[in-house]
Amino acid sequence: MVTTNCQASRSLVFKAMLETEMKENISGTIKISDVNYNLLHAFVNYLYTTDVCLDEKIESGLLVLEEKYQVKHLKEHCESAGKLLEASLSIIIDDMHKFMNRDEYRELIKKDPSFVVGILEAHIQKQVNNAAKKGSS
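In this text the structure is predicted, and so the values were computed from the model without any measurement.

## Examining helix 9 (residues 113–136)
Part 1 of the reasoning: For helix 9, which comprises 24 residues, the first-to-last C-alpha distance of 35 Å matches the rise-based estimate of 34 Å (1.5 Å per residue) to within 8%.
Part 2 of the reasoning: All of the buried residues in helix 9 are Val116, Ile119 and His123.

## Observations regarding the side chain of glutamate 66
Part 1 of the reasoning: Here glutamate 66 shows up in helix 5 (residues 56–69).
Part 2 of the reasoning: Taking relative accessible area as the criterion, glutamate 66 reaches 15% and is therefore assigned buried.

## As for the pattern of salt bridges
Part 1 of the reasoning: Enumeration over the complete set of coordinates arrives at five salt bridges.
Part 2 of the reasoning: Where aspartate 94 meets lysine 126, a salt bridge forms, and the shortest distance between an N and an O atom there is 2.3 Å. Residue aspartate 94 is located in helix 6 (residues 74–94), and its partner lysine 126 is located in helix 9; the two are separated by 32 residues in the primary sequence.
Part 3 of the reasoning: Given a relative accessible area of 47%, aspartate 94 falls into the partly exposed group.
Part 4 of the reasoning: Of the residues examined, lysine 126 reaches a relative accessible area of 32% and is grouped as partly exposed.

## A short note on helix 4 (residues 37–49)
Part 1 of the reasoning: Taking 1.5 Å per residue as the helical rise, helix 4 with its 13 residues ought to reach 18 Å, and the 18 Å between its terminal C-alpha atoms agrees with that figure.
Part 2 of the reasoning: Of all the residues in helix 4, the buried ones are Leu39, Ala42, Phe43, Tyr46 and Leu47. All buried residues of helix 4 lie within an arc of 140 degrees about the axis, which places them on one face of the element. For helix 4, the exposed residues lying more than 90 degrees away from the buried face are Tyr37 and Asn38.
Part 3 of the reasoning: Here helix 4 starts with a cap whose side-chain oxygen sits 3.0 Å from the backbone nitrogen of asparagine 38, and that cap is asparagine 36.

About the cut-offs
- Residues numbered from 1 in each chain as written.
- Predicted model: local features only at pLDDT ≥ 70, side-chain atom pairs only at ≥ 80, totals over all residues.
- Heavy atoms only, no water.
- Helix = DSSP H or I, 4+ residues; strand = E, 2+ residues; numbered from the N terminus.
- Expected span 1.5 Å × (residues − 1).
- Buried < 20%, exposed > 50% of the residue type's maximum accessible area, 1.4 Å probe, protein only.
- Salt bridge = Lys/Arg side-chain N within 4 Å of Asp/Glu carboxyl O.
- Arc of directions from axis to C-beta.
- Polar contact = N/O pair within 3.5 Å; in protein donor to acceptor, adjacent residues only side chain to side chain.

Right, here's the structure in full:
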């Protein structure tokens, strides 16, 4: 459960729910049942810490929640996180052969294989784009 002060300070909708004679104010609880666990976890994490997840699926869900609950600054945080991810992927992809030979890469394969798949997909897409540019020249 998220504390009511935390909820109210980040969301205009939560603030209205918690400062008027609504059931959420009486119970001290806001029920969010139309999202999956991972998205709700990321949302609550943001409410407490203002940290956002870099996962694209979670990010798009957070943007829906941001709109629905009018959460301050969440959209800007998601956009910044997305730009950071893009920049990081660009650096990794530019030196993919070096990256794949590192111990950190092998550890990442074990810990988060779906993230590695995303990196490899981005690398392949870059190669396809480069090949298309060469073919059209």
